[in-house]
Amino acid sequence: MMESAARGDCKLRLMNNLILGASRGLGDAYAQQLPRAGDTAWLVARGRPHLGTTDGVSRHWFEIDLSTADCGERVKQALGDARLDVVVYNAGIWEGSAFSASYEFEAVDDEENARVIAMNLTGAINTLKRLLPNLRQSDNPKVILIGSVNGLENTRMPEVAYSASKFGLRGVAHALREHWRQHRIGVTVLNPGSIGPGDVSHGDLVALARCVIALSNGSCVKEIDIPAMSDPF
């Protein structure tokens, strides 16, 4: 009976969520489906996300480009001293010709490569380094980084900057988990494959995030790979 009561209290606990890269696609799915009624969600995106008004979630938009050098400081200033229970870093872009037969590494502009790295990897580092005071206020803080199967070994994917950024994001997750272990902050990286109809769904990835968030601070899921059935590897 005591265990059931404790689980019930956990379900009722109101959460403060920070979702970075929240305006469309998977980010929009996290923004709309991850928070529960009564929760607060701060949404970081260049474009205005759907804020909603009928589900009981208090959503606030911070218009910040996560590829800029000052993105981390801007996120911190917007949050102030607010407690954070959940951080999802979903921001991600890729080369314009990525995932097509026309992709050629040698033809990708240097500035485009740099922007992919800045958004997918450097932005995560610059932002997360400033959030420890906010996360430490939670009794069960979770950080979820959205990687990609492109960042795994031996996937035969040719997109160089995108793959490098997602491989690096896995490194951020593994190192940060050890650095923040003393604070019992769980750091997990999810590596989805192809996302879309018939492939990995937004609902699958929201469900996995909810599962990770529901775990106690006595354990941590390091990494989950979610390839699509259609992925060739």
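Structure shown above.
Everything quoted here is computed from the prediction, not taken from an experiment. Throughout this description, residue numbers start from 1 for each chain and increase along the sequence as written. The predicted nature of this model means local features are confined to residues of pLDDT at least 70 and side-chain atom pairs, given and counted, to a pLDDT of 80 or more, with totals for whole chains, interfaces and linings taken over all residues. Derived side-chain values reflect all non-hydrogen atoms in the structure, with water molecules and hydrogen atoms excluded from consideration.

Give me the overall build of the protein chain: which residues, what numbers.
Strands here are runs of E lasting at least two residues and helices are runs of H or I lasting at least four, both read from the DSSP assignment and numbered beginning at the N terminus. Scanning the protein chain from terminus to terminus reveals 7 helices and 7 strands. Listing each helix as α and each strand as β along the protein chain from the N terminus yields α-β-α-β-β-α-β-α-α-β-α-β-α-β. Referenced to the eigenvectors of the C-alpha coordinate spread, the extents of the protein chain come out at roughly 60 × 40 × 40 Å. Exposure is judged per residue with a 1.4 Å probe applied to protein chains only, and the accessible area is read against the type maximum: over 50% gives exposed, under 20% gives buried, and values in between give partly exposed. When burial is assessed residue by residue, the protein chain has 47% of its 233 residues classed as buried. Considering only residue pairs separated by 6 or more positions, the protein chain has 68% of its internal contacts joining residues 24 or more positions apart. In the form shown here, the protein chain has an accessible surface area of approximately 11,600 Å², with 53% of it arising from carbon and sulfur atoms. His residues and chain termini do not enter the charge count, which takes Lys and Arg as positive and Asp and Glu as negative. Charged groups are reduced to one reference atom each: NZ for lysine, CZ for arginine, CG for aspartic acid, CD for glutamic acid. A gap of 9 Å separates the mean positions of the 24 positive and 27 negative side-chain charges of the protein chain. What makes two residues a contact is simply this: any of their non-hydrogen atoms within 4.5 Å. What sets the accessible areas is the Shrake-Rupley method with a 1.4 Å probe; for residues, cover comes only from the shown protein chains.

Describe the pattern of salt bridges, naming the residues involved and giving the relevant values.
The working definition used for a salt bridge is a side-chain nitrogen of Lys or Arg within 4 Å of a carboxyl oxygen of Asp or Glu. Under the counting rule described, the total for this entry stands at 7 salt bridges. Its salt-bridge partner being Arg 115, residue Asp 65 comes within 3.5 Å of it at the nearest N-O pair. Of this pair, Asp 65 sits in the loop between β3 (58–63) and α3 (71–79) while Arg 115 sits in helix α4 (residues 110–128), and the two are 50 residues apart along the sequence. In this structure Arg 115 comes out as partly exposed when scored by relative accessible area, which is 31%.

Please give an account of the side chain of Thr 188 that cites residues and values.
Here Thr 188 shows up in strand β6 (residues 186–192). For Thr 188, the contacting residues outside a window of four places in its chain are Val 143, Ile 144, Leu 145, Val 212, Cys 220, Val 221 and Lys 222.

I'd like a rundown of the packing of aromatic side chains, residues and numbers included.
Only Phe, Tyr and Trp rings take part, Trp by its six-membered ring, and two of them pair if their centres are within 6.5 Å. Stacked means planes under 30 degrees apart, edge-to-face means over 60, and tilted covers everything else. On inspection of all chains with the given rule, the structure shows 0 aromatic pairs. The ring of Phe 167 carries the charged tip of Arg 170 above its face, separated from the ring centre by 5.5 Å. Criterion for a charge above a ring: Arg CZ or Lys NZ at most 6 Å from the ring centre, at most 35 degrees from the ring normal.

Describe helix α6 (residues 160–179), listing the residues and the values that go with them.
With 20 residues, α6 should reach 28 Å at 1.5 Å per residue; the first-to-last C-alpha distance of 28 Å fits that figure. Three or more residues of α6 are buried, namely Ala 161, Tyr 162, Ser 163, Ser 165, Lys 166, Leu 169, Arg 170, Val 172, Ala 173, Leu 176 and Arg 177. Where α6 is buried, its residues touch α4, β5 (142–146), β6 and β7 (223–226). Expected helix span is given by 1.5 Å per residue-to-residue step, counting one fewer step than there are residues.

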